[in-house]
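# Structure at a glance
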Amino acid sequence: MAEKNSTTSGSRLVRLFLGFSMASWISALVSFVVTPIITRVIEPEALGSIDLFVSFCVMFEYASTLGVHQALMRFYNEPPQGSDGDELLRYAVRVSSLGAAVAGVAIYLFSGYFSRSIIGSDSLVVPLLMFAFILSNGFIDVLKTKPRMLGQTFRYTAMVVCLSIGTKIAYLSYGVTHSVLSTITVIALVDASVMALFFV
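Residues numbered from 1 in each chain as written. Predicted model: local features only at pLDDT ≥ 70, side-chain atom pairs only at ≥ 80, totals over all residues. Heavy atoms only, no water.

## Points about the overall build of the protein
A tally of helices and strands in the protein yields 10 helices and zero strands. When the helices and strands of the protein are listed from N to C terminus, the series reads α-α-α-α-α-α-α-α-α-α. Considering only contacts within the protein whose residues lie at least 6 apart along the sequence, 77% involve residues at least 24 apart. Counting only carbon and sulfur atoms, one obtains 67% of the accessible surface of the protein, whose full area is about 11,300 Å². Taking the average location of the 13 positive side-chain charges in the protein and that of its 12 negative ones, the two points are 8 Å from each other. (Helix = DSSP H or I, 4+ residues; strand = E, 2+ residues; numbered from the N terminus. Contact = heavy atoms within 4.5 Å. Areas by Shrake-Rupley, 256 points an atom, 1.4 Å probe, with all protein chains shown as cover. Lys, Arg positive; Asp, Glu negative; His and termini not counted. Charge placed at Lys NZ, Arg CZ, Asp CG, Glu CD.)

## Considering the layout of surface pockets
Computed from the structure, the largest pocket encloses a volume of approximately 590 Å³. Contributing to the lining of the largest pocket are 24 residues, with Val 54, Leu 163, Ser 164, Thr 167 and Lys 168 lying nearest its centre. Looking at side-chain class alone, the lining of the largest pocket contains 12 nonpolar, six polar and six charged residues. (1 Å grid on protein atoms, 1.4 Å probe; cavity = no way out; pocket = protein on both sides within 12 Å on 5 of 7 lines; lining within 4 Å. Points joined across faces, edges and corners; volume = space filled by probe spheres on them. Nonpolar A, V, L, I, M, F, W, Y, C, P; charged D, E, K, R; others polar.)

## Examining the pattern of salt bridges
Enumeration over the complete set of coordinates arrives at four salt bridges. Here Asp 86 ties to Lys 146 by a salt bridge, and the two come within 3.3 Å at their closest N and O atoms. Taken as a pair, Asp 86 in helix α4 (residues 85-109) and Lys 146 in helix α7 (residues 145-149) lie far apart in primary sequence, 60 residues in all. With relative accessibility at 28%, the residue Lys 146 sits in the partly exposed group. A salt bridge links Asp 122 to Arg 116; the shortest N-O distance between them is 2.7 Å. Residue Asp 122 is classed as exposed on the basis of its relative accessible area, which comes to 56%. Overall, the relative accessible area of 47% leaves Arg 116 in the partly exposed class. (Salt bridge = Lys/Arg side-chain N within 4 Å of Asp/Glu carboxyl O. Buried < 20%, exposed > 50% of the residue type's maximum accessible area, 1.4 Å probe, protein only.)

## Details of the nonpolar core
With 52 residues, the main nonpolar core has Phe 53 and Met 130 as its most contacted residues. Of all the secondary structure elements, the ones that give two or more residues to this core are α1 (2-41), α2 (44-65), α3 (68-75), α4, α5 (111-119), α6 (125-143), α8 (153-172) and α10 (180-199). Looking at this core, the element that brings in the most residues is α6, giving nine residues. (Core = buried A, V, L, I, M, F, W, Y, C linked by side-chain atoms within 4.5 Å.)

## Digging into the side chain of Ser 173
By the secondary structure assignment, Ser 173 is in the loop between α8 and α9 (174-177). At 2.5 Å, the side chain of Ser 173 forms a polar contact with the backbone oxygen of Ala 170. Sequence-distant contacts of Ser 173, that is, excluding residues within four places in its chain, are made with Thr 183 and Val 186. (Polar contact = N/O pair within 3.5 Å; in protein donor to acceptor, adjacent residues only side chain to side chain.)

## Re the packing of α6 against α10
Contact geometry of α6 with α10 gives a least axis separation of 9 Å together with a crossing angle of 30 degrees. Taken together, the axes of α6 and α10 are roughly parallel relative to one another. Crossing of α6 against α10: the hand is left-handed. Across from Val 125, Val 126, Leu 129, Phe 133, Ser 136, Asn 137, Phe 139, Ile 140 and Leu 143 in α6, the residues of α10 making contact are Leu 181, Ile 184, Thr 185, Ile 187, Ala 188, Asp 191, Ala 192, Val 194, Met 195 and Phe 199. Its residues placed into classes, the contact of α6 with α10 shows 15 nonpolar, three polar and one charged. (Axes fitted to C-alpha atoms, helices over the stretch in contact; angles between N-to-C directions. Parallel < 35°, antiparallel > 145°, perpendicular 65-115°, else oblique. Left-handed = near helix turned anticlockwise from the far one by under 90°.)

## Notes on the confidence of the model for the protein
Taken as a whole, the protein shows an average pLDDT of 87; of its residues, 92% reach a score of 70 or greater. α5 holds the highest mean pLDDT among the elements of the protein, 96, whereas α1 holds the lowest, 76. (pLDDT = per-residue confidence, 0-100.)

Shown next as C-alpha cells:
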C-alpha cells in the first residue's frame, strides 16, 4: 500500500513538474518562431526603441514589487500563525500597487527623459504607458503565484503563454502602424488585458 502511495505521489510530482515547465517551453518556442519575423518587420532603430521601453518598465517593475512574490511563494502554503495564503496574497498586491505608485511618481518626474529616449520627443503618453505596464506586470508577478502554489498547471500555463504570445503580436503590430508609440501602446494594453482576463 505504501509503495502504491509512493508511486502515485511520484507520478503526480512528475505531472506537476512537466505542467509548470510547459509554460517555459511553449514561450521559448514562440520566441524561436516569432523573433526572426520581428527582426524582419521592425527596423533596427525602432526595435531598439521598443526594447528600451520594455527594459525601462521591467527595471521599475522589479523595483516596485520589492520581491514580495518570492516571499509569497515561500509562505503561501505555510503562512505565519493568524493568517492564511489569501491574506498574504492581498497584502502582496497592496505592496506591489504601492511600489507601482512610487515608480509612477519617479517616471513622471523624469518623463521628458524617458519619452525622448524612447520616441525622440516629449509626450505624456509614454510615462502613462510605462505606469500601466509596471502596474499590470507587478500584479501578474504576484497573482500568478497562487496557481503555482495550488498546483493549477493549466491556469498558470495559459496565463504565461497568453502573455508571451500577446507581447510578440504587439511587437508585430509595428508592421501595420509603423509607429513606436502605437506599438508600445499595444504592448501595455496586452499586459493589462492578460491581467484582467485571469484575475479580475
